[in-house]
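Now for the letters of each chain:
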Amino acid sequence: MRIAPLSLLISVSLLATSAFAQDTATVTGIESEISKKQAEYDNSTVILEKHLKEESQLQKQLELLRARSTELDKEKNQALDAMNEMYRRLIDDPTLDISNAQARYQKAVVDHKQNKDDISMQLAAIASHRKDIEQIRVAKHTQLNTLESLKEQLATARVERLRNEFTREGTLEVNHTINCKRTETLAACEQRGQQMGLQKATKRFVDQIFANLTEERLVEPKRNLAGAQVKILSSHVVNSAFSGQGNYNVNLSVTMRGDVNSSRLCSLLNLDNRFCADYGTPLAGSYQPNYTTTYSDSQLTFSDSQDNSKVVSVSRMSEEPVSDYSVKKPVRVEPLPDLKKSKMVELTLRSNVYDDEVFIDGVSFGSTKLTTSLPVGFHNVEIRKRGYKSYQVRLELNKSQTIHAKLVKKPEPVVAAITTAEQPSSAPAASIVNKTNTASLVVIPAGKFKMGDINGSGLANERPVEEKTIANSFAMQSKEVSVGEYEQFVANTGYKTEAEKNRGCAYYLNGEPVWEATLNWRNPGFDQDSDFPAVCLTYNDAKAYADWLSGQTGQLFRLPNEVEWEYAARAGKETEYPWGNEIGKNLANCGWCGSEWSNKSAAPTGSFSPNAFGLYDTVGNVWEWTNKKSEQSDVAVRGGAWNFAPSLARVSTRLILAPDFRANYIGFRLVRER
């Protein structure tokens, strides 16, 4: 039963009372704002769904108009043929009436033109609708980030309120009676009675604190975890007396202040411990990842193209555990295991090119012509040469074989040239791609994983959870593409980003995306160096860089699709983040994540330790573009950003954007195909 607030406390500090009222008002105000923003977000969701349905109807109508266009075109041609025939007959018979043929053709022409106009109007309506959809989606993302930010503030306010409620001061009067022992003096009995009275007062004070907690129902069951204590500030005897039966009665007035192990407040409120970081560190001071496996570039795997369900395993190597999540350590790589020395057969390889490289089961064997001995069984063979499509085959080796591989040259990529007039006389010649553009690749092994909102704390577009298979290993850039790397591309091609050509780039101001014409990847609105992630880039800007890098290296680079991105970001984990289900503090660069860049700017790439696959900044820093299918209108960005709430930096979070959207919190990284 809840005790009346002042049934035991005779007086309470006015300052404390004011603080409690202020705390409650703060929490209530934030809760009210959350309710308001949630309603706005839900309303935007309804409006978006309505617009998407309308767009679908418009698309269906467009398809009907296009289908009718084919019919009308056919009718127009038939009417023209009929009219021409009538004209030929008119030469022999001038009295022939050809008005019906003329009317038919005229109607066919009018109908065909009207249908073309209808198609143009329908396309314009769809384009206008698409703009509305894009605006609604951006507004939804803003509302969502604001909503999650308010939840961050609410959690902080709840912790502060609970701390203040535990540490309140008050004066309590208690009455206590004891029986004096025959063996003790009156002074000793008096001292014992007063001591027990103080104990009674402190116990009642603690009971009163718990009874008057705003979230008493949530905290009371965990009372033994709170570490609540009482400090006696002062006490005095109001009155006392001995009775003729040997009893001692004392009435005490005790002024006390509560205390609590503040680092435990989050556990009491079922909150992430980072909200109590300022009061102590109940969690380990640093993250201790247990990385059991890492992979090198020479261990890429692939499966038979006729059977994508079979995943070829990769050899394992060990890696030293990382002792501090904020400090990067070198990886110690063990040598590959020896091949089985069972029954061996001879394999001979030939190709139509020179200076190629042969990979057998992911291990380089040099160039052709090549003869080697391998164990009986299945083997994956690949022959690569820069500028050529790689030759791949999976064969069952049970007797000596010879393979004659034919490599086909890749088409030359189209690269924008810088004319003499465009290039300053002092500018250096177009540079060759720097090693840093490709040296930071890590191998993502083949495997299976659960994709989506595994833990049930995500958004609707993260469900349902589905099991996905990555049949082939691939290489991925360990870091987001940097300003320096993008600069190299621009210097080589003269490319102009969409932000530089039109309207600039968006940034957040008071929780709203605002367009600023002067912002672009060179000037994103915050100070940056060459090792910062390149931002203010659209989907097409990222693709242009990928196409250029492919042409420079002779290898195919592209944006990762969503399945590849999430699989690589999870790195074998089913938690919200690489280190667990709590964001922690200063483990990544996102809003309210405790880093020096949080809510200020992007951080230099690789400022935090990588996940188990060796990928940096899959949590926070900047959202990353993913590849879209040809029939898709919109694109997903993944990973969260420096000015987005931690709940939006989870590994399964996805935001949907128009391909031409750009902001100073969106960048990208690439994958390299085999």
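Fair warning: this is a prediction, and the values are worked out from it, not measured in the lab.

**Student:** Talk me through empty space enclosed by the protein; I want residue IDs and the actual numbers.
**Tutor:** If you walk through the whole model with that rule in mind, you get two cavities of 30 Å³ or more. The space that makes up the second largest cavity amounts to roughly 60 Å³. Considering the residues around the second largest cavity, the lining is formed by 13 residues, among which His 141, Phe 644, Leu 657, Phe 661 and Tyr 665 are closest to the centre. For the lining of the second largest cavity, the elements supplying multiple residues, two or more each, are helix 2 (99-166) and strand 21 (654-657). Examining the composition of the lining of the second largest cavity, we find that three residues originate from one element, helix 2, more than from any other. Looking at the lining of the second largest cavity, its residues break down into 11 nonpolar, two polar and no charged.

**Student:** Report on the layout of surface pockets, specifying residues and quantitative values.
**Tutor:** In this structure, the largest pocket encloses a volume near 920 Å³. For the largest pocket, the lining is made up of 37 residues, of which Asn 461, Glu 562, Ala 636, Arg 654 and Ile 656 are closest to its centre. Taken together, the elements giving at least two residues each to the lining of the largest pocket come down to helix 1 (14-92), helix 2, strand 14 (466-470), helix 10 (562-570), strand 20 (635-638) and strand 21. If you tally residues by element for the lining of the largest pocket, the top one is helix 1, at five residues. Considering only residue class, the lining of the largest pocket consists of 13 nonpolar, 10 polar and 14 charged.

**Student:** Now, about the sheet that holds strand 5 (residues 344-351): what can you tell me, with residues and values included?
**Tutor:** Read across the sheet, three strands follow the order 8-5-11 without closing on themselves; strand pairing throughout is mixed. Edge positions in the open sheet fall to strand 8 (370-375) and strand 11 (401-405), since each of these has one partner strand only. Mean inter-strand twist for the sheet, computed between neighbouring axes without regard to direction, equals 25 degrees. Sheet topology note: the strand 5/strand 11 ladder contains five bridges and is parallel. Each residue of the ladder has a partner; that of Leu 349, found in strand 11, is Ile 403.

**Student:** Break down the confidence of the model for the chain for me, with residues and values.
**Tutor:** This prediction gives the chain a mean pLDDT of 82; 82% of its residues lie at or above 70. Every residue in residues 280-342 scores below 50 in pLDDT, and together they form 120 contacts with partners more than four places removed in sequence or on other chains. Every residue in residues 412-431 is under pLDDT 50, and counting partners more than four places away or in other chains gives 19 contacts.

**Student:** Pulling in residues and values, what's your account of the pattern of salt bridges?
**Tutor:** This model, assessed by the stated rule, comprises 34 salt bridges. The residue Glu 562 makes a salt bridge to Arg 638 at a minimum N-O spacing of 2.8 Å. One end of the pair, Glu 562, is in helix 10; the other, Arg 638, is in strand 20, and 76 residues separate them in sequence. Look at Glu 562 and you get buried, because its relative accessible area is 15%. Here Arg 638 and Glu 566 are joined by a salt bridge, their closest N and O atoms 2.6 Å apart. Residue Arg 638 is located in strand 20, and its partner Glu 566 is located in helix 10; the two are separated by 72 residues in the primary sequence. Overlapping salt bridges, with partners in common, bring together Glu 562, Glu 566, Arg 570, Arg 638 and Arg 654 in one network.

**Student:** Tell me about the state of the cysteines, and name the residues and values.
**Tutor:** Put plainly, two cysteines are in a disulfide when a covalent bond ties their sulfur atoms together. One pass over the full model with this rule turns up four disulfides. Across a sulfur-sulfur distance of 2.0 Å, Cys 180 and Cys 189 are joined as a disulfide pair. Taking the torsion about the sulfur-sulfur bond, which here is approximately -80 degrees, the covalent link between Cys 180 and Cys 189 counts as left-handed. Owing to a relative accessible area of 22%, Cys 180 belongs among the partly exposed residues under this scheme. With a relative accessible area of 0%, Cys 189 lands in the buried category.

**Student:** So what about the side chain of Ser 44? Which residues, and what values?
**Tutor:** When you line up the elements, Ser 44 lands in helix 1. Using a relative accessible area of 10% as the deciding quantity, one classes Ser 44 as buried. Not counting residues up to four positions away in its chain, the partners in contact with Ser 44 are Ile 136, Lys 140 and Gln 143.

**Student:** Break down the packing of aromatic side chains for me, citing the residues and quoting the values.
**Tutor:** In the structure shown here, the tally under the stated rule is 22 aromatic pairs. Ring geometry for Phe 489 versus Trp 548: centroids 5.5 Å apart, planes at 50 degrees, classification tilted. Within this pair, whereas Phe 489 is found in helix 7 (residues 483-493), its partner Trp 548 is found in helix 9 (residues 539-553), the two being separated by 59 residues in sequence. A connected cluster of aromatic rings, assembled from ring pairs, spans Tyr 486, Phe 489, Tyr 495, Trp 521, Tyr 545, Trp 548 and Phe 668. Against the face of Trp 515 rests Arg 503, its NZ or CZ located 3.8 Å from the ring centre.

Cut-offs and rules
- Residues numbered from 1 in each chain as written.
- Predicted model: local features only at pLDDT ≥ 70, side-chain atom pairs only at ≥ 80, totals over all residues.
- Heavy atoms only, no water.
- 1 Å grid on protein atoms, 1.4 Å probe; cavity = no way out; pocket = protein on both sides within 12 Å on 5 of 7 lines; lining within 4 Å.
- Points joined across faces, edges and corners; volume = space filled by probe spheres on them.
- Helix = DSSP H or I, 4+ residues; strand = E, 2+ residues; numbered from the N terminus.
- Nonpolar A, V, L, I, M, F, W, Y, C, P; charged D, E, K, R; others polar.
- Pairing = 2+ DSSP bridges.
- Axes fitted to C-alpha atoms, helices over the stretch in contact; angles between N-to-C directions.
- pLDDT = per-residue confidence, 0-100.
- Contact = heavy atoms within 4.5 Å.
- Salt bridge = Lys/Arg side-chain N within 4 Å of Asp/Glu carboxyl O.
- Buried < 20%, exposed > 50% of the residue type's maximum accessible area, 1.4 Å probe, protein only.
- Disulfide = S-S within 2.5 Å.
- Phe/Tyr/Trp six-rings, centres within 6.5 Å; stacked < 30°, edge-to-face > 60°.
- Lys NZ or Arg CZ within 6 Å of the ring centre and 35° of its normal.

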